[in-house]
Amino acid sequence: MTGILAVTGLAVSFPHERGRVRVVDGVDLRVDAGEAVAHVGESGCGKSVTALSILRLVPKPGRIEQGRVELEGRDVLGLPVAEMRALRGRHAAMIFQEPMTSLNPVMTAGAQVVEAIRLHDRIGFAEARRRTLALFEEVGIPDPSARFDAYPHQLSGGMKQRVMIAMALSMKPRLLIADEPTTALDVTIQAQILELMRDLRERFGTAILLITHDLGVVNELADRVVVMYAGKVAEEGTRTEVLSSPRHPYTQGLLRSMPARANPGERLREIPGVVPSAGTWPSGCRFRPRCDRAFEACVADPPETRFGPTARVFCFAAARDEVKP
C-alpha cells in the first residue's frame, strides 16, 4: 500500500508547574492509502493532541518538541506557514469533535463551505455555491438549497456533522482525520455518519484516521487499531488482532468494560483508577498502577514486542507470555 501518513517519534509538550511535560511522548503512527486506522483510548490519553499535531494545529502554549510527520512524503513540521495552510484542506482535513462549536453561529452552513473552497481555489461565489450544493448532496443532506441558507442552530446534530464532513471533503483530501465524529449523536445518526464515511472511502479512496474511545465504532469502520495510554502507544494491530485477541492488559480492560460483551445481568468489570495527568506519569509502564498483571520488571519502560507482521505491544507481561513454552 502507498503511505499517506507516517508519524515517527512524535512528542508534544505543554507547560506545567514542574516545567514542560509531554502529553504525547514518542508516538509512531502510519495510515496507508484507502485505509481506516482507529486511534483509541480513554479521554486524556493524547489522541486529539496527536491528531492536531499532524496538521500543526496544537494550541499554544503547546509545542511539538520532536518527531517527524510526513504527509505523502512531505515533512509537515518543516513546511513554511504559507505552505502548511495550503496543505490543510487540500491534502489533509479534519472533522472536529463538536460541530456546534466548530461552525460559525452567525454564518449560514453554505457560506462556511463556500469560504473553505474559495480559500484554496480562486473561483467565483456562484461556482463555489454549485460545488457546495453538490457536496451537500454527496454527504446525504436533504434539500441542499434550503440547508445552504440555514444557520447552524437551525440544523440537527446529524446535519451539522454532515456540513462539517462536506467542508472537510471540499478539496477531496487524501487524508481525513475524524475526531470523535459520532459523539453526542443518537444511535441512528451515528450509524448514518459511519455509513457515510465508509462510502466516501470507497468512492474516493480517502484514508481515514479515526480518533475515538468507542470500540463499537472501531469495529464498524477500522482496518487497523492503535491503542494509546497516557501519551504513549500501548498496542497496535489489525482490527481482528486488537478486538479479538488483545495482548495489552489495558486493551483487555477496555474490551471487558464494553456493555455489548457482557452477559445479561453480569456486572461490568471496570478498569480501576483513572488515567494519570501529564506531569504525574508513573515510572516505567504508565499503566502499571492500574494493571492487575504488573510485576517487578514493569518499573522500567516496556519493550516493543512484535507478533507477526502487523501486531506490536509495549508490555512486559505480553512479552513474557510470548516466550512461554
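Residues numbered from 1 in each chain as written. Predicted model: local features only at pLDDT ≥ 70, side-chain atom pairs only at ≥ 80, totals over all residues. Heavy atoms only, no water.

Caption draft 1: Structural view of the overall build of the chain. When helices and strands are counted, the chain shows twelve helices and twelve strands. For the chain, the C-alpha radius of gyration of 21 Å lies close to 20 Å, the compact-globule estimate for 325 residues. Dimensions of the chain along its principal axes, counting C-alpha atoms only, are 70 × 50 × 40 Å. Split into buried and exposed, the 325 residues of the chain put 50% on the buried side. The long-range share in the chain, meaning contacts at least 24 apart out of those at least 6 apart in sequence, stands at 62%. On the chain, the mean spot of the 42 positive side-chain charges and the mean spot of the 39 negative ones are 3 Å from each other. (Helix = DSSP H or I, 4+ residues; strand = E, 2+ residues; numbered from the N terminus. Rg over C-alpha atoms; globule rule 2.2 N^0.38 Å. Buried < 20%, exposed > 50% of the residue type's maximum accessible area, 1.4 Å probe, protein only. Contact = heavy atoms within 4.5 Å. Lys, Arg positive; Asp, Glu negative; His and termini not counted. Charge placed at Lys NZ, Arg CZ, Asp CG, Glu CD.)

Caption draft 2: Spatial organisation of the sheet that holds strand β3 (residues 36–40). Pairing in this open sheet of eight strands is mixed, and the strands run β6-β7-β8-β3-β9-β10-β12-β11 from one edge to the other. Taken across any chain shown, the strands that pair with only one partner, and hence form the sheet edges, are β6 (92–95) and β11 (304–307). Going from strand to strand, the sheet's axes swing by 20° on average, the running direction of each strand aside. Note that strand β10 (residues 232–238) and strand β12 (residues 311–314) share two bridges and pair antiparallel. (Pairing = 2+ DSSP bridges. Axes fitted to C-alpha atoms, helices over the stretch in contact; angles between N-to-C directions.)

Caption draft 3: Seen up close, the packing of aromatic side chains. Tallied over the full model, the rule gives four aromatic pairs. Relative to Phe148, the ring of Phe125 has its centre 6.5 Å away and its plane inclined at 85°; by these criteria the two rings are edge-to-face. Pair noted here: Phe125 is in helix α5 (residues 125–138) and Phe148 is in helix α6 (residues 144–148), with a separation of 23 residues, a long-range link. Residue classification places Phe125 among the partly exposed residues on the basis of a relative accessible area of 43%. Assessed through its relative accessible area of 4%, Phe148 is described here as buried. Counting every residue linked through ring pairs, the aromatic cluster contains Tyr229, Tyr250 and Phe287. One residue, Lys172, lies across the ring of Phe204, its end atom 5.1 Å from the ring centre. A cation over a ring is seen here: Arg320 above Phe295, with NZ or CZ 3.9 Å from the ring centre. (Phe/Tyr/Trp six-rings, centres within 6.5 Å; stacked < 30°, edge-to-face > 60°. Lys NZ or Arg CZ within 6 Å of the ring centre and 35° of its normal.)

Caption draft 4: Region of the structure containing the confidence of the model for the chain. With 98% of its residues at a pLDDT of 70 or more, the chain shows a mean pLDDT of 90. Taken element by element, the predicted model of the chain shows its lowest mean pLDDT in helix α3 (residues 99–102) (75) and its highest in β10 (97). (pLDDT = per-residue confidence, 0-100.)

Caption draft 5: Geometry of the pairing of β10. Of all seven residues in β10, five are buried, a share of seventy percent or more. Bridge analysis of strand β9 (residues 224–229) against β10 gives six bridges, and the strand direction is antiparallel. Paired with Val227 across the two strands is Glu235, which belongs to β10. Taking the residues between adjacent antiparallel strands as the criterion, β9 and β10 are bridged by two residues, where Ala230 takes a positive phi near 50°.

Caption draft 6: Quick peek at the pattern of salt bridges. Per the counting criterion, the structure on display carries 25 salt bridges. As a salt-bridge pair, Glu72 and Arg174 come within 2.7 Å of each other at their nearest N and O atoms. Separated by 102 residues along the polypeptide, Glu72 in the loop between β4 (63–71) and β5 (74–75) and Arg174 in the loop between α7 (157–168) and β7 (175–179) bring together distant segments of the chain. With relative accessibility at 31%, the residue Glu72 sits in the partly exposed group. (Salt bridge = Lys/Arg side-chain N within 4 Å of Asp/Glu carboxyl O.)

Caption draft 7: Spotlight on the environment of Val163. By the secondary structure assignment, Val163 is in helix α7. Exposure remark for Val163: the relative accessible area of 1% places this residue in the buried category. In sequence terms Val163 and Ala319 are 156 residues apart; their C-alpha atoms lie 46 Å from each other. Apart from residues no more than four positions distant in its own chain, Val163 is found in contact with Leu103, Ala109, Val113, Phe136, Ile141 and Leu155.

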